[in-house]
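# Observations on the model geometry
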Amino acid sequence: MVSILINGACGKMGRALAEAAAAQGVSVVAGVDRYAAGATAYYPLYENINDCKLAADVVVDFSRPDALRDLIPYCTQRGMGLVLATTGYSAEELEAIERASQVIPVFKTANMSLGINVMLDLVQKAAKALPEFDIEIVEKHHNAKVDAPSGTALLIADAMKEACLADKTYVFGRHTKTQRRQREEIGIHAVRGGTVTGEHEVYFFGNDETIEIKHAAASRRIFALGALQAAAFLQGKKPGLYDMRDVLLEKSGVTNLYADAAQTLLTLRGLGFGRETARVFSSLAASEVNVDMISQAAPAGGKVDLSFTIARADLPRAKEVLGALGLAPEEDGQVCKIVIEGVGMERQPGVAAGVFEALEGAGISPRLISTSETKIGVAVSCADADRAAQVLREKYAL
């Protein structure tokens, strides 16, 4: 179990974090706060972090950006991970965070809520799918919040700007505007009042239709729980700059497995490299033969060996196309394609190694392999298909 040191321990979020840690069984080694004098807690309190000599795995900071002056040297000298749950950093402070991440693992996000980070994925997909829609963001917070717009609103806007093919510009409020709204704008509006913990609404306005994606925080506890997950994630990590997307992707490393036994493996040997290879695939496509997995050997003497799989039902048409090109493929009609997939695979090294280790341990040799950021496919003998699927399910707890 991870042990933490809380910076900003006497603030509202610091206290919420300590309560959540106690409920989750997470050890709070100490707390630091400039107002620690006279305060009480179930753990030691210090006014200055440098006075704390107790060992912890990770420092979690819910304070202010200027705390970095002490936090970074404190953590780098001790090799401790650092979770930054504060917003409003200057360009110079962001550079300091980047430098620190080359020495220690640093987790930085504008919002610790898992829900908000799922929302980022949703708004990115919507922005890509609805390029002609007008986008507006409305964020609401309590009357004591000092920055506007919120760091989360900017995080949401940045996520959509990254997803859009066309460039976007941010417009903060519209009271000074005397012109029509421009298509490339993302409007961002801040509302402050009462004790609102935090609400973020993203509107996509089209012709005669509106889509709204909204997240509302009912309490600070969700941010505390997110920070604890961040701290647990950071434990034992290599130096680097991480965010909540890494946590979500780690949870969704390998999430699905499926098999297709209706496959045929074709191999063309000594194929001319380049133009002849392109002619093979363009001819198959023109005849509506769908090529699935592809493997090509490194060119030798201007020639390559090319293997690919197609649906077994397409085999007669594929042989006819290849015959018209003067090619006679080697044919293996007894193969099964097994695919594992998961959006978290792109940030998890060793998934492919795990596939090979599991298959080797079961005495299974893949006939063909294809990979992408989120998918690994292997073609195996149909006789080995059930055993291959079983060992991979066991390997990745599917």
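For the structure, check the block above.
This text gives an overview of the structure that appears in the document.

## Observations regarding the overall build of the protein
Each helix and strand counted, the protein has 11 helices and 18 strands in total. In terms of C-alpha radius of gyration, the protein reaches 27 Å, well past the compact-globule figure of 21 Å for 398 residues. On the principal axes, the C-alpha backbone points of the protein span a range of 85 × 60 × 35 Å. Relative to its full complement of 398 residues, the protein shows a buried share of 46%. Contacts spanning at least 24 positions in sequence make up 69% of the contacts within the protein whose residues lie at least 6 apart. As displayed, the protein offers around 20000 Å² of accessible surface, 50% of which is attributable to carbon and sulfur atoms. Mean positive and mean negative side-chain charge positions of the protein (42 and 49 charges, respectively) differ by 2 Å.

## Topic: the nonpolar core
Within the largest apolar cluster, 32 residues are counted, with the highest numbers of intra-cluster contacts made by I4, L17, V60, V83, F107 and M112. Elements supplying a minimum of two residues to this core: β1 (3–7), α1 (12–24), β4 (58–61), α6 (221–234) and α7 (244–251). Looking at this core, the element that brings in the most residues is α6, giving eight residues. Judged by nonpolar contacts, the second largest core, of 23 residues, contains V29, I49, C75 and I104.

## Observations regarding the pairing of strand β11 (residues 209–217)
One ladder, built from nine bridges, connects strand β10 (residues 198–206) with β11; its direction is antiparallel. Within β11, the position partnered with E201 by the bridge is K214. In textbook terms, the turn of a hairpin is the stretch between consecutive antiparallel strands, and for β10 and β11 this stretch comprises two residues, one of which, D208, has a positive phi near 70°.

## Comments concerning the pattern of salt bridges
Evaluation of the coordinates by the stated rule reveals 20 salt bridges. R192 is the partner of E139 in a salt bridge, and the nearest nitrogen-oxygen pair spans 2.8 Å. Here R192 lies in strand β9 (residues 185–192) and E139 lies in strand β7 (residues 134–141), a separation of 53 residues in the sequence. On the basis of relative accessible area, E139 is assigned to the buried category, the value being 0%. By relative accessible area, R192 is classed as partly exposed at 28%. Three or more residues joined by partner-sharing salt bridges are found here, namely E132, D134, E136, R174, R181, R183 and E185.

## A word on unusual backbone geometry
Omega for the peptide link from A148 to P149 comes to -5°, which places this bond in the cis form. Mapped onto the fold, P149 is located in the loop between β7 and α5 (151–163). Despite not being glycine, D208 has its phi angle at roughly 70°, a positive value. Relative to the assigned elements, D208 resides in the loop between β10 and β11. Unusually for a residue other than glycine, E288 sits at a positive phi of about 60°. Relative to the elements of secondary structure, E288 occurs in the loop between α8 (275–286) and β14 (291–296). When its relative accessible area of 68% is taken as the criterion, E288 is described as exposed.

Rules used throughout
Residues numbered from 1 in each chain as written. Predicted model: local features only at pLDDT ≥ 70, side-chain atom pairs only at ≥ 80, totals over all residues. Heavy atoms only, no water. Helix = DSSP H or I, 4+ residues; strand = E, 2+ residues; numbered from the N terminus. Rg over C-alpha atoms; globule rule 2.2 N^0.38 Å. Buried < 20%, exposed > 50% of the residue type's maximum accessible area, 1.4 Å probe, protein only. Contact = heavy atoms within 4.5 Å. Areas by Shrake-Rupley, 256 points an atom, 1.4 Å probe, with all protein chains shown as cover. Lys, Arg positive; Asp, Glu negative; His and termini not counted. Charge placed at Lys NZ, Arg CZ, Asp CG, Glu CD. Core = buried A, V, L, I, M, F, W, Y, C linked by side-chain atoms within 4.5 Å. Pairing = 2+ DSSP bridges. Salt bridge = Lys/Arg side-chain N within 4 Å of Asp/Glu carboxyl O.

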